[in-house]
There are 2 protein chains.
Amino acid sequence: MEITLEQAAEQLRGGNHITILCHRKPDGDTTGSALALYDALTELGKKVRIRCSDPLPELFQFLEENYREPEEFEEDFVVAVDVASVPLLGDLQEEYGEKVDLCIDHHSSNSRYARQLYLDGGAAAAAELIYRLFKAMEVPLTVHPALCIYTGLATDTGCFCFSNTTPASLRIAAEVLELGAPVADANRRLFESKKPSRVALEAQVLGSLEYYYEGHCAVMLISQELKKRFGVNDDELEGLSSIPRKIEGVWVGVTIREQEDCCRISLRTTPEADACAICAAFGGGGHIRAAGCTIEGGPDRARELLLREIGRQAFPGKQPEMDE
Amino acid sequence: MEITLEQAAEQLRGGNHITILCHRKPDGDTTGSALALYDALTELGKKVRIRCSDPLPELFQFLEENYREPEEFEEDFVVAVDVASVPLLGDLQEEYGEKVDLCIDHHSSNSRYARQLYLDGGAAAAAELIYRLFKAMEVPLTVHPALCIYTGLATDTGCFCFSNTTPASLRIAAEVLELGAPVADANRRLFESKKPSRVALEAQVLGSLEYYYEGHCAVMLISQELKKRFGVNDDELEGLSSIPRKIEGVWVGVTIREQEDCCRISLRTTPEADACAICAAFGGGGHIRAAGCTIEGGPDRARELLLREIGRQAFPGKQPEMDE
């Protein structure tokens, strides 16, 4: 059932031993939101722990320096942040799928799996809702949680460049700067520190971009071979998937990241196409302009299936001839 | 002489036929500031024209659709926006070098050439000062000038990602969004529309990045040959120069753009080095983290001279061995 900000704050005040759940393959928003909420609830005297099915990427480890696992913890409340559906809990879905008391989310596609849901599909990031909770729970915003909230906002909005950027998210960022949080350092870490190996890989994949549907669809393939050759892991490929959509005339930008036995697909679209609907055809989801899915098998199969579905939805009656 | 916001507003109110000057090779800030100021002064009943030594890059032409050259114009006031020194007037320096009544600028390095100067070195962009002038002159901010101001702020701050981003610039962006200005469309044009040819060129230059001083200095060369091969002109290379500095461990990012008989140099630095001081050694200038200069001759000479000066200032006692 959907609840208001005040009700969500009330729910959290009621808990004493609170588990915060992040989504699998944690990004800046689920991580920043969880760590900021950890600070707020700890400030209120709660025992709090954060759980995620996957390890925290190196990129975000600078945010967790003051996180401590509590001893003798008797969980009495479970809150999920930025987790739109049970499968996104990854290996934790067995244990927590039915046990989430409150979900705080900004995905309109939220599957409403939690007992209670505080949802704002218009928010730029879940971190925007965490900021509101600080105000509603009357916890003063200090530098550390402010930086965590900033990280959620900045990573989900491409540093306030994507179309999901809200006036509220910009004003929160202004407040975070005024608090004296090391935003410049965070931006360098988040957006401006690519390993030389990652840059070399980027040069390779950019050089091998493929264009289809009269240049309205661009496909970027990141093969296992390339990742091995440059010693780059998937964590370090953050952000690469936004590249194809940034090319003039491209409505659908596809990034195929080859895994051992499947391909991870990221889609980015302009208003001309619905990324979420296309990925839904493969059991994936996300937002209308940015979504993802997983397709079994190798990159050739994934490319073929994707191009067919993209054509069906975005370019009816057209053939995906490759442009030379 | 330096004057206050109110005095600058008073000065502008006093003019009737006002010429606005932009700096050579106009960027988003000088362009957006000039066009927003044009709107404000026109709203106040003035005759206004904008002059620049170089044509407006295609990238910014979407901002000037409502600009009209006035007929019978008898110039009685000259204001320069975002022009830090007379040479930056390009071909207009002969005509206007001594004739600038008011300069509105955010470069601390401003040479104080104008009769009066409204300067705030702490502002993210000149556009931030133009925003203040709207308030001071009591001109209501409407969608078009708001978008021009946004363009100045967003381009000078790397869409609010660079360390010069101010709380004020973020709040102005929030106000611009609330006014209903087509910010998402502007961001797509400004930051997310690279021609496929530009992307192919980017792949080439990324692949040929050179690292010096134990990886703390990265040099990117954009040769005439590459520009010709991919049919890309200098306008379309906007933003490329921020790439080398974004590489992990790089303190000094150098971009060398080969011209007919000289090289255009862009420097981006982390707090460990002063881009402005390094470029000043070659008669250039700019900001402490982002500066530029021109060096006569070919790229090899430019690279050698730059590496020597960079070493002298940022890596004393070290040799610029190239890292393989």
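Residues numbered from 1 in each chain as written. Chains lettered and ligands numbered in written order. Predicted model: local features only at pLDDT ≥ 70, side-chain atom pairs only at ≥ 80, totals over all residues. Heavy atoms only, no water.

Participant: Let's hear about the relation of the copies chain A and chain B: which residues, and what values?
Facilitator: Of the transformation placing chain A onto chain B, the axial shift is 0.0 Å and the rotation is 180°, giving an RMSD of 0.1 Å. The relationship between the two copies is best expressed as a two-fold rotation axis. Across chain A, the rotation axis passes nearest the C-alpha of Ala203 of chain A, at a separation of 2.1 Å. The overlap is high: 100% of the interface residues of chain A also sit at the interface in chain B, so the same surface is used on both sides. (Least-squares fit on C-alpha atoms with pLDDT ≥ 70 in both. Contact = heavy atoms within 4.5 Å.)

Participant: Account for unusual backbone geometry, naming residues and giving values.
Facilitator: Residue and element names in this part refer to chain A. Of note in the backbone geometry, Asp82 takes a positive phi value of approximately 65° without being a glycine. In this fold, Asp82 is placed in the loop between β3 (77-81) and α3 (93-96). For Asp82, a relative accessible area of 2% translates into the label buried. Although it is not a glycine, Arg112 adopts a positive phi angle of roughly 55°. Within the secondary structure, Arg112 sits in the loop between β4 (102-105) and β5 (116-119). You can call Arg112 partly exposed: its relative accessible area is 45%. (Helix = DSSP H or I, 4+ residues; strand = E, 2+ residues; numbered from the N terminus. Buried < 20%, exposed > 50% of the residue type's maximum accessible area, 1.4 Å probe, protein only.)

Participant: Account for the sheet that holds strand β1 (residues 17-21) of chain B, naming residues and giving values.
Facilitator: Sheet strands associate in pairs through backbone hydrogen bonding, adopting either a parallel or an antiparallel arrangement. Residue and element names in this part refer to chain B. A sheet is described by the order of its strands in space; here five strands give the open sequence β2-β1-β3-β4-β5, paired in parallel fashion. In this open sheet, the two strands that pair with only one neighbour each are β2 (47-51) and β5 (116-119). Strand-to-strand twist of the sheet, defined as the mean angle between neighbouring strand axes without regard to direction, takes the value 20°. Bridge count between β1 and β2: five bridges; the pairing is parallel. The partner of Ile20 across the bridge, within β2, is Ile50. Against the sheet, helix α1 (residues 5-14) contacts β1, β3 (77-81), β4 (102-105) and β5, and its axis sits at roughly 135° relative to β4. Helix-sheet contacts for helix α2 (residues 28-43) involve β1, β2, β3 and β4, and the interaxial angle to β2 is about 170°. (Pairing = 2+ DSSP bridges. Axes fitted to C-alpha atoms, helices over the stretch in contact; angles between N-to-C directions.)

Participant: Just give me the short version of the sheet that holds strand β2 (residues 47-51) of chain A, but keep the residues and values in it.
Facilitator: All names here are of chain A. Read across the sheet, five strands follow the order β2-β1-β3-β4-β5 without closing on themselves; strand pairing throughout is parallel. Pairing within the sheet leaves two strands with one partner each, and these edge strands are β2 and β5. Each strand of the sheet is rotated relative to its neighbour by a mean of 20°, with strand direction disregarded. Across four bridges, β4 lies against β5 in parallel orientation. The partner of Cys103 across the bridge, within β5, is Leu117.

Participant: Describe the pattern of salt bridges, with residues and values.
Facilitator: Tallying each qualifying case throughout the model produces 38 salt bridges over all chains. A salt bridge links Arg312 of chain A to Glu309 of chain A, with the nearest nitrogen and oxygen atoms 2.7 Å apart. Of this pair, Arg312 of chain A and Glu309 of chain A are both found in helix α11 (residues 299-314), three residues apart, which corresponds to roughly one turn of the helix. Arg312 of chain A sits in the exposed class, given a relative accessible area of 56%. Taking relative accessible area as the criterion, Glu309 of chain A reaches 12% and is therefore assigned buried. Where Glu72 of chain B meets Lys47 of chain B, a salt bridge forms, and the shortest distance between an N and an O atom there is 3.0 Å. Of this pair, Glu72 of chain B sits in the loop between β2 and β3 while Lys47 of chain B is found in strand β2, placing the two residues 25 residues apart along the sequence. Residue classification places Lys47 of chain B among the partly exposed positions, given a relative accessible area of 28%. (Salt bridge = Lys/Arg side-chain N within 4 Å of Asp/Glu carboxyl O.)

Participant: With reference to specific residues and values, describe the interface of chain A and chain B.
Facilitator: With 38 residues of chain A in contact, the opposing surface of chain B contributes 38 residues. When the area that chain A buries against chain B is broken down by residue, the three leading residues are Cys161, Glu192 and Glu248 of chain A, summing to 19%. Ionic pairing is found between Glu178 of chain B and Arg171 of chain A, a salt bridge with its closest N-O pair at 2.9 Å. Every element with two or more residues in the side of chain A that touches chain B is listed here: α6 (167-178), α7 (183-191) and α8 (196-207) of chain A. When residues of the side of chain A that touches chain B are assigned to their parent elements, the largest contribution, eight residues, is made by α6 of chain A. Residue composition of the side of chain A that touches chain B, by class: 20 nonpolar, seven polar and 11 charged. (Buried area = accessible area lost by both parts, 1.4 Å probe. Nonpolar A, V, L, I, M, F, W, Y, C, P; charged D, E, K, R; others polar.)

Participant: I'd like a rundown of the packing of aromatic side chains, residues and numbers included.
Facilitator: The full count for this structure, using the stated rule, is eight aromatic pairs over all chains. Ring geometry for Tyr150 of chain B versus Phe160 of chain B: centroids 5.8 Å apart, planes at 50°, classification tilted. A residue pair is termed long-range when its members are at least 10 positions apart, and Tyr150 of chain B in helix α5 (residues 143-156) and Phe160 of chain B in the loop between α5 and α6 (167-178) qualify at 10 residues. Classification of Tyr150 of chain B by relative accessible area gives buried; the value is 2%. Here the aromatic cluster, defined as three or more aromatic residues joined through ring pairs, consists of Tyr213, Trp251 and Phe315 of chain A. (Phe/Tyr/Trp six-rings, centres within 6.5 Å; stacked < 30°, edge-to-face > 60°.)

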